[in-house]
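Each chain, letter by letter, is given below.
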Amino acid sequence: MNDQQLFSLLSDMSLEEKVMQLVQLPGGAYDPTAFQTGISEETIPQRVRQLAGSTLSIDGADKLRDLQTRYMAAHPHHIPLLFMLDVVHGHKTVFPCPLGQGATFDPALVEEGASVQAAEAAADGIHVTFSPMCDLSRDARWGRVMESTGEDVLLNSRMAAAMVKGYQGERVDDGRHVASCIKHFAAYGGAEAGRDYQNVELSEHTLREKYLPAYRAAIDAGAMLVMSSFNTWNGIPASAHPQLMKEILRAEFGFDGVLISDYGAVREMVPHSYAEDDADAARKSMAATLDIDMCGACYSGHLEELVRSGKVPEQALDEAVMRVLRLKNDLGLFEDPFRGVSAERLEALRSDPAVRASARKTVAESLVLLENKNEALPLRGRRIAFIGPYAENADIHSSWAISLGDTSGTVTVRKAAEEAFAGTGTEVRFAAGCTLLDQGTHVNVSIYSDPDWEEKNRRLADEAAEAAEWADTVVLCLGEHRGQTGESTSRVSLTLPEVQTDLLRRLAGTKKRIVTLVFCGRPLELKEAAALSDALMVCWLPGSEGGHGILDVLTGRTAPSGKLPMSFPRAVGQEPLHYDQYPTGRPRPDDRYDAFTSRYLDCENSALYPFGYGLTYGEVRFSPVTLSGGTLAPDGVLTASADVTLTGPMPAEQTVQLYLRDVTGSRVRPVRELKDFRRILLKPGETRTVSFEITEPMLRFWTAENRWASEPGRFRLWIGPDSASGSEAGFTLIG
Ligand code: GLC
């Protein structure tokens, strides 16, 4: 349909019909087997079911085809129902969690993955995915860092744009793509004390410089929906925040798509103490141009009366409804409400080697090698024991892999190891070694308790000791439970479960070569694991091809190339921890212990492993930086170059990073900011010159005059392998 036809449809709709287009019902209203991603207590009147504009968390081609057919037949204007779902890092083929995808520093690969995920979701009847999460994440205590691509503005911006392009493609109505709903606007990652849903206290300049750019990049990439966040920003709930929504999102960013609340976020304004009741919450949300009330019953219960009484202008209602109708139209649903829906095509995708290969490559590129003492990796030795709760565990997806169904198709470490070493003369053995969790641990919505926990761990410990005794190399597979990361899983400690640390200590005592793999959805405290292991590698929550990607790196089929998207702390007390900190008036370099400096008495300031850090096989060296000049004019270009050399056993990819520091500004400036990065492939012994162009727009920040601008003065720059090293140079921006 064209806009004129949409307007005539709108004018023909009753007030009730228009209001209900702004209502999203939980999937359970239509399908009792729908996934639960929030809690909705109210009973839903049949009339609301009949007229609601969208629903979420139902999937299945045949099921949704049937539901759509029945729904449209009963709707007075036969307007199609929108099906939305959290396809966060895969639908049936699950990719690494987004934090792991951030570690690839490979937006092109991530875009390819998003396109694959969209194709599977579209075939399964999904129209919209609630992804990417663009929330800058600096506090590892917050469980949702797993869903982000980390702590850096530029990395998040490039990854968010890549995912939007992958999900939506060139034509979102081609039956192979889905609309992207970016989330959670805004600054959800800044939750106080890392506690989910908490208030966010941010200056406007930090909000603008650090938290908003990734949402902006996603919107500029064409994101068709935005989801508001649960948190308040400086005391006002985001979903009704006039400045965030009307001034910044709509007016400044130019976003005219659908703005949907998070699950129940409109209703939650009452407990937030921002709204008197549901009607007040509905009114304030409409005033902020919030289009859809997700699972809240505020719009369905009060919006019609609010319009009739004039408290909400019907014009505002019509504008919101038009945005929803345009979304359905842009998805091609008026022409073909079943576009692309096909159980057969989904099965074909699931068994497509190219789909698995894309996931496998993403796993391999996501792995971050933190230690490799005496070249413990690539694996060598004739007897390798894979020990630990993740040695054979197929549960290596995040809690957002809600459409996966069973894990029978997941490649475990064991399965991949048996494949990799078959016929090579290297023998492999497997032992769980311990339970994944300590007794009484809270995970997701339950408390882990096993009456045989003591006895089971005694037996598992004996099996591990025997396997280690037999082996010349131990691959120790440890990590968080997937229920300890994701929504509503904030933690005050970042340690591995005690039962796993005990296993590590015992095995370290055998003096065998220990390669430790860590499965996690957040930075963890790994100081002891690093000390007791010969090699240490972060595997995140790697998904369906986890085992294959991990063994590809362990065996040297491919060299590790991942870089940390978040700083790993020495201690949780350092959180929130991020590399782009301000210098303070009393900076304290790690190697000095001066009083009256910005320090902890009991810990270094620096990260144990900094943002951007990651080793490969062999050694990577950077030459001093050469600059094409010492000054940069506002319309000029400076070229900064460094020679990068690899010495090692095999080709390896390296993400070369460019950092800048503005030495003086009208506001204080971070000690470093990532301004560009590039993956290069080096052969052993090869030297490659890597050059970056520096231009004035890269130097802009939110100045004391509250505008984006650069300011003349001195700048320092680094080209290197991470945020804590690299070759340095300097230049001056002239006025
Ligand atoms: C959840 C999450 C959000 C998700 C939504 C729908 O509460 O906060 O990320 O997309 O509900 O499932």
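Our structure is the block above this text.
Residues numbered from 1 in each chain as written. Predicted model: local features only at pLDDT ≥ 70, side-chain atom pairs only at ≥ 80, totals over all residues. Heavy atoms only, no water.

### Overview of the packing of helix 6 (residues 107-123) against helix 14 (residues 343-350)
As a reminder of what qualifies: To get an axis, a line is fitted to the C-alpha atoms, and for a helix only the part in contact is used. The angle between two axes follows their N-to-C directions and goes from 0 to 180 degrees. Helix numbering and strand numbering both begin at the N terminus, where a helix is a DSSP run of H or I of at least 4 residues and a strand a DSSP run of E of at least 2. Reported orientations rely on four angle classes, namely roughly parallel under 35 degrees, roughly antiparallel over 145, roughly perpendicular from 65 to 115, and oblique for the rest. Left-handed is the label given to a crossing in which the near helix is rotated counterclockwise from the far helix by less than a right angle, and right-handed is the label when the rotation is clockwise. Contact criterion: two residues are considered in contact whenever any of their non-hydrogen atoms come within 4.5 Å of each other.
Contact geometry of helix 6 with helix 14 gives a least axis separation of 8 Å together with a crossing angle of 150 degrees. On the basis of the axis angle, helix 6 is roughly antiparallel to helix 14. Once helix 6 is placed against helix 14, the crossing between them reads as left-handed. For the pair formed by helix 6 and helix 14, the contact residues are Ala119, Glu120 and Ala123 on the first element and Ala343, Arg345, Leu346, Leu349 and Arg350 on the second.

### Digging into the site of the ligand
The test is simple: If a single non-hydrogen atom of a residue is within 4 Å of a molecule or strand, that residue counts as near it. In protein, a polar contact requires one atom able to donate a hydrogen and another able to accept it; more generally it is a pair of N or O atoms within 3.5 Å, and residues adjacent in sequence count only if both atoms are side-chain atoms. The Shrake-Rupley method, run with a 1.4 Å probe, gives the accessible areas here. Residue values count only the displayed protein chains as cover. Any residue outside Ala, Val, Leu, Ile, Met, Phe, Trp, Tyr, Cys, Pro, Asp, Glu, Lys and Arg is labelled polar, Gly included; the first ten of those are nonpolar and the last four are charged.
The environment of the ligand is formed by 14 residues, the closest being Thr37, Asp86, Arg144, His184 and Asp262. Contacts to the ligand include Arg144, whose side-chain N or O atom sits 2.7 Å from an oxygen atom. A distance of 3.0 Å separates an oxygen atom of the ligand from a polar atom in the side chain of Lys183. Burial of the ligand by the protein amounts to 100% of the accessible area it has alone, namely 310 Å². The residue makeup of the shell around the ligand, split by class, is seven nonpolar, two polar and five charged.

### Section: the sheet that holds strand 18 (residues 535-538)
Note the following rule: Following DSSP output, two strands are said to pair if at least two bridges run between them.
An order of 11-18-17-16-12-13 is seen for the six strands of this open sheet, with the pairing classed as mixed. Two strands bound the open sheet, and with one partner strand each, they are strand 11 (368-372) and strand 13 (427-431). Strand-to-strand twist across the sheet, computed as the mean angle between neighbouring axes with direction ignored, equals 15 degrees. Both strand 12 (residues 383-387) and strand 13 contribute to a ladder of five bridges, which runs parallel. Its bridge partner lying in strand 13, Ile387 is registered against Ala431.

### Examining the packing of aromatic side chains
Stated formally: The aromatic pairing rule takes the rings of Phe, Tyr and Trp, using the six-membered ring of Trp, and pairs them if the centres are within 6.5 Å, calling planes under 30 degrees apart stacked, those over 60 edge-to-face and the rest tilted. Relative accessibility decides the category of a residue: with a 1.4 Å probe and only protein chains considered, values under 20% of the type maximum give buried, values over 50% give exposed, and everything between is partly exposed. Only when the NZ atom of a Lys or the CZ atom of an Arg is both within 6 Å of the ring centre and within 35 degrees of the ring normal do we say a charge sits over the ring.
Considering all chains together, one arrives at 15 aromatic pairs under this definition. Taking 6.1 Å as the distance between ring centres and 70 degrees as the angle between the ring planes, the aromatic pair formed by Trp540 and Phe568 counts as edge-to-face. Highlighted residues: Trp540 in the loop between strand 18 and helix 20 (546-554) and Phe568 in the loop between helix 20 and strand 19 (619-622), separated in sequence by 28 residues. For Phe568, a relative accessible area of 0% gives the class buried. Ring pairs connect the aromatic residues Phe105, Tyr579, Phe611, Tyr659 and Phe677, which therefore count as one cluster. Taking the ring centre of Trp702 as reference, the NZ or CZ of Arg208 above it sits at 4.2 Å. A cation sits over an aromatic face here: Lys284 above Tyr274, 4.7 Å from the ring centre.

### A closer look at the nonpolar core
Formally: What makes a nonpolar core is a set of buried Ala, Val, Leu, Ile, Met, Phe, Trp, Tyr and Cys residues whose side-chain atoms join them at distances within 4.5 Å. Marked domain ranges trace back to an automatic or database domain assignment.
Counting 169 residues, the largest nonpolar core has Phe185, Leu303, Ile387, Leu526 and Trp540 as the members making the most contacts within it. For this core, the element with the highest residue contribution is helix 7 (residues 153-168), accounting for eight residues. If you count residues domain by domain, this core takes at least three from each of domain 1 (366-550) and domain 2 (619-733). Among all residues touching Leu303, those that are not within four sequence positions of it are Val19, Leu22, Met286, Cys298, Val312 and Leu317. Counting residues in hydrophobic clusters, the runner-up holds 61 residues, among them Ala376, Tyr390, Phe430 and Phe622.

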